[in-house]
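Chain residues, written in single-letter form:
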Amino acid sequence: EELILPADVVVVSAGPWSCAAEDWFQGAVELPMEGIKSTSIVWKQPQELETVDATALFCGEDQRYQTHLEVYPRPDGTIYICGIGGSDYISKDELKQ
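Residues numbered from 1 in each chain as written. Predicted model: local features only at pLDDT ≥ 70, side-chain atom pairs only at ≥ 80, totals over all residues. Heavy atoms only, no water.

(A) Looking closely at the pairing of strand 4 (residues 70-73). Pairing of strand 3 (residues 57-58) with strand 4 involves two bridges; the strand directions are antiparallel. Pairing of F58 across the sheet is with E70, part of strand 4. Bridge analysis of strand 4 against strand 5 (residues 79-84) gives four bridges, and the strand direction is antiparallel. When the sheet's bridge partners are listed, E70 is paired in strand 5 with C82. Joining the antiparallel neighbours strand 4 and strand 5 is a turn of five residues, in which G77 adopts a positive phi near 90 degrees. (Pairing = 2+ DSSP bridges. Helix = DSSP H or I, 4+ residues; strand = E, 2+ residues; numbered from the N terminus.)

(B) Spatial organisation of the sheet that holds strand 2 (residues 39-43). What the four strands build is an open sheet, ordered 2-5-4-3; its pairing is antiparallel. For this open sheet the edge positions go to strand 2 and strand 3, each flanked by a neighbour on one side alone. Bridging between strand 2 and strand 5 involves five bridges; their strand directions are antiparallel. By the bridge assignment, S40 is partnered in strand 5 with C82.

Shown next as structure tokens:
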């Protein structure tokens, strides 16, 4: 059964799969997207440390390896680190697969 819901605004919130919504709406909507493959790790705070500084760290681009290291302390005491290693771009068509 078809159901039409009138709306002024529609939000498609499906992360990297959002571009698949173009097919759901039969081309009536264009969602320009691309992605970047990257590596991330979560580091656990050593027990001998009472706290982790709450300052985020953003490092400059390393042209040799195409990396941009970012370090985010988290409220649970862990540290999220991303941007490690070379990053390949992913096209919208690749994201749809």
